[in-house]
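As a plain string of letters, each chain reads:
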Amino acid sequence: MSLEVKVQLKDLSWLGQAFENKSFISPLGDAKLSEFTNEDKQKLINHGIIKEDNTIKASYYPLLEILALADGFIDTTFKRGPIKARKQIICQGDKKVSVVYQGEEATITMPSNPKAMAKFIGEYMGKSTLTGSDLDLELPANEAFCLAVITDLYRKAVFSAYAQEEVFVYTGFTKDELLKASNKLRENSQNLAFHVFVINAGIPELTMEIIEEALNALIEKGLVKKENNVYRPVGEALLFAGNFLIFENIIEVVVGQVHKNNLYRSNFILLQAGPLDVLYLEKSKDNILMECLSPLKATELIATVLDSKPDIV
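Just so it is clear, the model here is predicted, and its values are computed rather than measured. (Residues numbered from 1 in each chain as written. Predicted model: local features only at pLDDT ≥ 70, side-chain atom pairs only at ≥ 80, totals over all residues. Heavy atoms only, no water.)

J.: Looking at this structure, I do not really get unusual backbone geometry. What am I missing?
T.: Outside of glycine, negative phi angles account for most residues, and trans bonds account for most peptide bonds. For the bond running from Met110 to Pro111, omega is 0°, close enough to zero to count as cis. For Pro111, the location among the structural elements is in the loop between strand 5 (105-110) and helix 4 (114-125). Despite not being glycine, Glu165 shows a phi value in the positive range, around 55°. Its location among the elements puts Glu165 in the loop between helix 5 (141-163) and helix 6 (175-182). Although it is not a glycine, Lys260 adopts a positive phi angle of roughly 50°. (Helix = DSSP H or I, 4+ residues; strand = E, 2+ residues; numbered from the N terminus.)

J.: Before we go on, may I ask you to explain the packing of aromatic side chains in this structure?
T.: The geometry of an aromatic ring pair is captured by two quantities: the separation of the ring centres and the angle between the planes. One pass over the full model with this rule turns up 12 aromatic pairs. Both rings, one in Phe240 and one in Phe244, keep their centres 4.6 Å apart while their planes meet at 35°; by these two values the pair is tilted. Residue Phe240 shares its accessibility class with Phe244, and that shared class is buried. Each member of the aromatic cluster is reached from another via a ring pair, and the members are Phe78, Phe120 and Tyr124. One cation-aromatic arrangement involves Arg86 over Tyr101; the distance from NZ or CZ to the ring centre is 4.3 Å. (Phe/Tyr/Trp six-rings, centres within 6.5 Å; stacked < 30°, edge-to-face > 60°. Buried < 20%, exposed > 50% of the residue type's maximum accessible area, 1.4 Å probe, protein only. Lys NZ or Arg CZ within 6 Å of the ring centre and 35° of its normal.)

J.: What is the right way to read the sheet that holds strand 1 (residues 3-8) from this model?
T.: Two orientations exist for strands paired in a sheet by backbone hydrogen bonds: parallel and antiparallel. What the 10 strands build is an open sheet, ordered 1-5-4-3-2-9-10-11-12-6; its pairing is antiparallel. Edge strands, defined here as strands with exactly one partner in the open sheet, are strand 1 and strand 6 (136-140). In this sheet, neighbouring strand axes are inclined to one another by 15° on average, regardless of whether the strands run parallel or antiparallel. (Pairing = 2+ DSSP bridges. Axes fitted to C-alpha atoms, helices over the stretch in contact; angles between N-to-C directions.)

Right, dumping it as structure tokens:
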């Protein structure tokens, strides 16, 4: 039997009092307990979630128990301009519920409905089997970050030419310009370097020595070319930079698993810049994976992850 309930986040905090033992990742916390009022309690009674004596009705107890004893989750956030959707699948063993967040409100469904979020994202991403770039790299974090900054410098140059109604001819960048841009990163979802920063959980401040090492490595891999002390992207890096001018869709997926009272996390980011251009970003040990996927492959990946049980350890 399917069950759905719509509550405020502060309701979840209050309902959590019914469970003596709760997982440390449970959304039934007590952070907003002081905000809960008698009026809020009456709404829970009216919705048939609790009885007059404050006990949870039997039909809703299994759903809330999964939230209380949660041992894993899959958290997916989709962003497209002003549109934002967030859905969690919360697990307790083999049991799952879906939680859709909208501001301070949550809609909880049991059993979980992973196909709904995958279908929602697929409607925006499209179902083409083609990809506009063949970029497929696994780079040390510093190299991946520098390549991302180089891509951003190229993108800014393109838009500058557009704004001035000029024919675009890329003149390249210097080591000093790359160093300055690398260490003046802003929190901007339209910056590729920002997403690499996020997926790597931060990037230490770069020195000129690190910049030179990264540039030499990128030159050796055929991604950057040097001419008269000026650098520019070439080959697949140039095609990639030209295709990924504006990020239209941004999808972040975080998988969490509790093991021996520790939380283990794994995450990836998908950036879509056009009907055929999707970039997959993931951290793998000390490296960053950067792979261009077709929209269909990207949506199939999301569907598979949402339908799976967190299994990181």
